[in-house]
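Commentary on secondary and tertiary structure
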Amino acid sequence: MEVPARLPERKITFVFILLKQIRKREMSSFSDNNFVKKLGELNNTQQSIQTLSLWLIHHRKHSKTIVQVWLREMQKVRASHRLTFMYLANDVIQNSKKKGPEFTRDFATVLPDAYKFATKDADEKVKKSVDRILGIWEERAVYSKHFIEQIRLCKPGAPSVSDSDLKSQRKKKVEEYVVTLKKKGFKVQNVEKPAPPTKRKKMDEMPSLREEIDAMPKDENPSVPDAEELVKRLSDLEHSASSDAAVREKIAALPPEVSDINHLSKITDKETAIKLFRQVEDACILLSEYNFRLNAELEERKQVGKMLRDFLTCQKDQVVKGEEKLQESKQRLEKVGVVRQELMSHIRNLPDLTKLPDIDGGLAPLPSAGDLFSQ
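Residues numbered from 1 in each chain as written. Predicted model: local features only at pLDDT ≥ 70, side-chain atom pairs only at ≥ 80, totals over all residues. Heavy atoms only, no water.

Quick look at the overall build of the chain
Helices and strands together make up the secondary structure of the chain, namely 15 helices and 0 strands. Of all intrachain contacts in the chain linking residues separated by at least 6 positions in sequence, the fraction that spans at least 24 positions is 74%. For the chain, the exposed area adds up to about 28100 Å²; of that, 55% sits on carbon and sulfur atoms. (Helix = DSSP H or I, 4+ residues; strand = E, 2+ residues; numbered from the N terminus. Contact = heavy atoms within 4.5 Å. Areas by Shrake-Rupley, 256 points an atom, 1.4 Å probe, with all protein chains shown as cover.)

And the structure:
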């Protein structure tokens, strides 16, 4: 019995479809145990990191769970393997930006702790590699320079910053912020000569978010924002930092010792001082992370507000154009009505065809010559 010539091709097609279905089934399932298993199989090769990264990006709706499991499992592995976890986070963060801001936002909440774990008991080569990842994030504007500096401060054994350095850094940041406000057209008082406390600017005089959005420059030829993208970004704002009840509860539950300087007089021994120092340090990290998320949310709200403004502007332009077309159609309809009336009047003025002689039977015969002479 002869084998059909196209049988091998059919087998290849069947195997390809089967592998595709298996691959789809693997990509469609997510669980904590499955993720932990994949992290256990992760190695320091580009193929292994990219394969797991694509799987995580596919399941980006579980980004918060993924980030928490990633940090938890990172603390269990040996020091040399923690760098692989950082490479995985770098690949996920950078390649998921086009899909959505979920991983960039959620990883920001754990990166300071992750950096501390990654550089703990690590050799200089690993530390340089981790610092290189932070440098890439800063160069490509994945995270702000200020946030990268906050992460580096979490490094074990990092040098302490003196009060004078903190004051100079704060003064520099205030000056940069003042320059930014002036570029946006806001009136800002001189930083060198602050106004007296009795003449402070009231909160209601500060520009609102709507005013800041209105002050943004408008494009000469604005592109129409995609409605689906706009809806997606609006839905993402529902899970932003300002609606994170868990973090807000943590901040509200902070002990009063971390914010009231009067409690310093109650310190009597070194252990109490160290305990308070750790509480203050943890509170600073928590507040810095939350402030960074709030700033990111504010910028996102500005961008979404600008998109809404452009979208509404385009919709209003389309409404105006539609009204113009509607008016043109009404004018044409009126002209057609006038022509119709004239045509009907003309039809009514035509002669009545029923009163004309009947020509179906032919004309009457002409008289003969004899008839003419006889008359």
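Next comes the rest of the description.
Thoughts on the packing of helix α7 (residues 111–119) against helix α9 (residues 145–153)
Look at α7 against α9: their axes get within 8 Å of each other, and the N-to-C directions meet at 40°. Our classification of the angle between α7 and α9 gives oblique. Remark: the crossing between α7 and α9 carries right-handed chirality. Together, Leu-111, Pro-112 and Tyr-115 of α7 and Phe-147, Ile-151 and Arg-152 of α9 make up the contact between the two elements. Residues of the contact of α7 with α9, tallied by class, amount to 5 nonpolar, no polar and 1 charged. (Axes fitted to C-alpha atoms, helices over the stretch in contact; angles between N-to-C directions. Parallel < 35°, antiparallel > 145°, perpendicular 65-115°, else oblique. Left-handed = near helix turned anticlockwise from the far one by under 90°. Nonpolar A, V, L, I, M, F, W, Y, C, P; charged D, E, K, R; others polar.)

Here we look at the packing of helix α5 (residues 79–95) against helix α8 (residues 124–139)
Closest axis-to-axis distance for the α5/α8 pair is 10 Å, and the angle between their directions is 10°. In terms of orientation, α5 lies roughly parallel with respect to α8. Of α8, the residues touching α5 (which contributes Leu-83, Met-86, Tyr-87, Asn-90, Ile-93 and Gln-94) are Val-126, Ser-129, Val-130, Ile-133, Ile-136 and Trp-137. The class makeup of the residues in the contact of α5 with α8 is 9 nonpolar, 3 polar and no charged.

Quick look at the pattern of salt bridges
Enumeration over the complete set of coordinates arrives at 14 salt bridges. Across the pair Arg-233 and Glu-300 runs a salt bridge whose closest N-O atoms are separated by 2.9 Å. Placement of the pair is Arg-233 in helix α12 (residues 227–237) and Glu-300 in helix α14 (residues 270–349), with a sequence separation of 67 residues. For Glu-300, a relative accessible area of 22% puts it in the partly exposed group. Residue Lys-306 is joined to Asp-310 by a salt bridge in which the shortest nitrogen-to-oxygen separation is 3.4 Å. One end of the pair is Lys-306 and the other is Asp-310, both in helix α14 and 4 residues apart, which spans about a single turn. Beyond isolated ion pairs, a larger network of salt bridges with shared partners links Arg-72, Glu-73 and Lys-76. (Salt bridge = Lys/Arg side-chain N within 4 Å of Asp/Glu carboxyl O. Buried < 20%, exposed > 50% of the residue type's maximum accessible area, 1.4 Å probe, protein only.)

Points about the side chain of Glu-102
Relative to the elements of secondary structure, Glu-102 occurs in helix α6 (residues 102–107). Excluding residues within four positions of it along the chain, Glu-102 makes contact with Arg-60, Ser-63, Lys-232 and Asp-236.

Notes on the confidence of the model for the chain
Chain-level statistics for the chain give a pLDDT mean of 76 and a share of 71% at 70 or above. Every residue in residues 157–164 scores below 50 in pLDDT, and together they form 5 contacts with partners more than four places removed in sequence or on other chains. This stretch, residues 186–204, has a pLDDT under 50; its non-local contacts, to residues over four places away or in other chains, come to 13 contacts. (pLDDT = per-residue confidence, 0-100.)

Brief notes about α7
For the α-helix, the turn length of 3.6 residues means that residues three or four positions removed from each other point alike. For α7, the full list of buried residues reads Leu-111, Pro-112, Ala-114, Tyr-115, Ala-118 and Thr-119. On an axial view of α7, the arc spanned by its buried residues comes to 160°, and they lie on one face. Where the residues of α7 are buried, they touch α4 (63–74), α5, α6, α8, α9 and α14. Once α7 ends, the next one or two residues include Asp-121, with phi positive near 60°. (Arc of directions from axis to C-beta.)

Examining the nonpolar core
Counting residues in each nonpolar core, the largest one holds 42 residues, and the members touching the most others are Phe-35, Trp-70, Phe-107, Trp-137 and Tyr-143. Elements represented by at least two residues in this core include exactly α2 (32–41), α3 (46–58), α4, α5, α6, α7, α8 and α9. Of the residues forming this core, the biggest block, 7 residues, is contributed by α5. Here Phe-35 is in contact with Phe-30, Leu-52, Trp-55, Leu-56, Ile-66, Val-69 and Trp-70, once residues within four sequence places are set aside. (Core = buried A, V, L, I, M, F, W, Y, C linked by side-chain atoms within 4.5 Å.)

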